[in-house]
Amino acid sequence: SFRLWKEQFFMVLFLHKEAAMSTTERYRKGDMVYPEGSFEMAMFHITEGSVLIYAFYGKENEILLTEEGKGSYFGQLELIEAIPRSATVIAKEDLVVEKITGDEFGSYLESHKGEDMALLTQMSARLREIGNQLHVVYHTIDEYISDSHSGHDESFFNRLGRIIRFGKGVRK
């Protein structure tokens, strides 16, 4: 069952106390940290610089999902859930990260007190932002369906434009 797998997964993570806690990796501006769809049991902690996180990177429908800077983590969902990468990560500027593998995760959290809460807080904020964006999309679609017979005013199209621009990474 999933519950048993999850318990075993975390037991393995926390039993590897003798493992190295992380490795430092450096990237130049524009370098790809990892591509969407790749698989690696690792997450990253930004110690210098920032990254851009994209869906459909390099394709016509490319979407800038977010930007993360110093102190932020990325890749933790794929590490925890053991799934392929859901996005492409590009160095926005010269970048230094701590790479924490699945084998190192438990010892990393033990030696970095408070980082477990930092991880949870960041993941919660991302989930809340996605939920808010989804709420706007649902509301806009619902309004379009409800008003499909009466036409739409300028504010409707302005909101729809904001959703589309936000999806393309334009934050205005």
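Relevant structure appears above.
What you see as residue numbers is a count from 1 along each chain, following the sequence as written. Only residues with pLDDT of at least 70 get local features here, since the model is predicted, and only at 80 or more are side-chain atom pairs given and counted; chain-wide, interface and lining totals rely on the full set of residues. Side-chain measures were taken over the full set of non-hydrogen atoms in the model, leaving aside hydrogen atoms and water.

**Student:** Honestly, helix 3 (residues 102-111) in this entry has me stumped. Any pointers?
**Tutor:** It helps to recall that an α-helix has 3.6 residues per turn; residues three or four apart then point in one direction. A 1.4 Å probe rolled over the protein chains alone gives each residue an accessible area, and that area as a share of the maximum for its type sets the label: buried under 20%, exposed over 50%, partly exposed in between. Numbering of helices and strands runs from the N terminus, with a helix taken as a DSSP run of H or I at least four residues long and a strand as a DSSP run of E at least two residues long. Across the ten residues that make up helix 3, a large majority, seven, are buried. Along helix 3, the positions that sit buried rather than exposed are Gly102, Glu104, Phe105, Gly106, Ser107, Tyr108 and Leu109.

**Student:** Got a minute to help me understand the sheet that holds strand 3 (residues 42-48) in this structure?
**Tutor:** Backbone-to-backbone hydrogen bonds pair the strands of a sheet. The strands run either parallel or antiparallel. The strand order across the open sheet built from four strands is 1-8-3-6, with neighbouring strands paired in antiparallel fashion. Each edge of the open sheet carries a strand with a single partner, namely strand 1 (23-27) and strand 6 (73-74). Two strands pair under a simple rule: DSSP has to find at least two bridges between them. Pairing geometry for strand 3 and strand 8 (residues 95-101), over six bridges, is antiparallel. Note that in strand 8 the partner of Glu48 across the bridge is Val96.

**Student:** Got a minute to help me understand the nonpolar core in this structure?
**Tutor:** Looking at soluble globular proteins, one finds that nonpolar side chains tend to be buried together. Side-chain atoms within 4.5 Å link the members of a nonpolar core, which is a set of buried Ala, Val, Leu, Ile, Met, Phe, Trp, Tyr and Cys residues. In this structure, Val33, Phe74 and Leu95 are the most contacted members of the largest nonpolar core, which totals 13 residues. Breaking this core down by element, the ones donating at least two residues are strand 2 (32-34), strand 3, strand 4 (50-55), strand 7 (88-91) and strand 8. Should any heavy atoms of two residues lie within 4.5 Å, those residues are considered in contact. Leaving out residues up to four positions away in the same chain, Phe74 has contacts with Val33, Tyr34, Met43, Phe44, Ile46, Val51, Ile53, Val89, Val97 and Arg126. Residues Leu79, Ile100, Phe105 and Leu109 belong to the second largest nonpolar core, which totals eight residues.

**Student:** What is the right way to read the pattern of salt bridges from this model?
**Tutor:** Think of it this way: side chains of opposite charge can pair up when their charged atoms draw near. One speaks of a salt bridge when a side-chain nitrogen belonging to Lys or Arg is within 4 Å of a carboxyl oxygen belonging to Asp or Glu. For the coordinates displayed, the defined rule picks out seven salt bridges. The partner of Glu25 in a salt bridge is Lys99, with the nearest N and O atoms 3.5 Å apart. With Glu25 in strand 1 and Lys99 in strand 8, this residue pair connects regions lying 74 residues apart in the sequence. Accessibility classification places Glu25 together with Lys99 in one group, the buried group. For the salt bridge of Lys92 with Glu67, the shortest nitrogen-to-oxygen distance reads 2.9 Å. One end of the pair, Lys92, is in the loop between strand 7 and strand 8; the other, Glu67, is in strand 5 (residues 63-69), and 25 residues separate them in sequence. Classification of Lys92 as partly exposed rests on a relative accessible area of 36%. The network of salt bridges with shared partners includes Glu25, Glu40, Glu78, Arg85 and Lys99.

**Student:** Would you mind going over the packing of aromatic side chains with me for this structure?
**Tutor:** Ring pairs (aromatic) are described by centroid distance and by the angle formed between their planes. Each Phe, Tyr or Trp ring, with Trp reduced to its six-membered ring, pairs with another whose centre is within 6.5 Å; inter-plane angles below 30 degrees give stacked pairs, above 60 give edge-to-face pairs, and intermediate values give tilted ones. By the definition in use, this model includes four aromatic pairs. Each ring, one from Tyr34 and one from Phe44, has its centre 5.8 Å from the other, and the planes form 35°; the classification is tilted. With Tyr34 in strand 2 and Phe44 in strand 3, this pair connects stretches of sequence that are ten residues apart. Across the pair, Phe44 and Tyr34 agree in class, each one buried. Pairing Phe44 with Phe74 gives two aromatic rings, centres 5.1 Å apart and planes at 10°, and the pair type is stacked.

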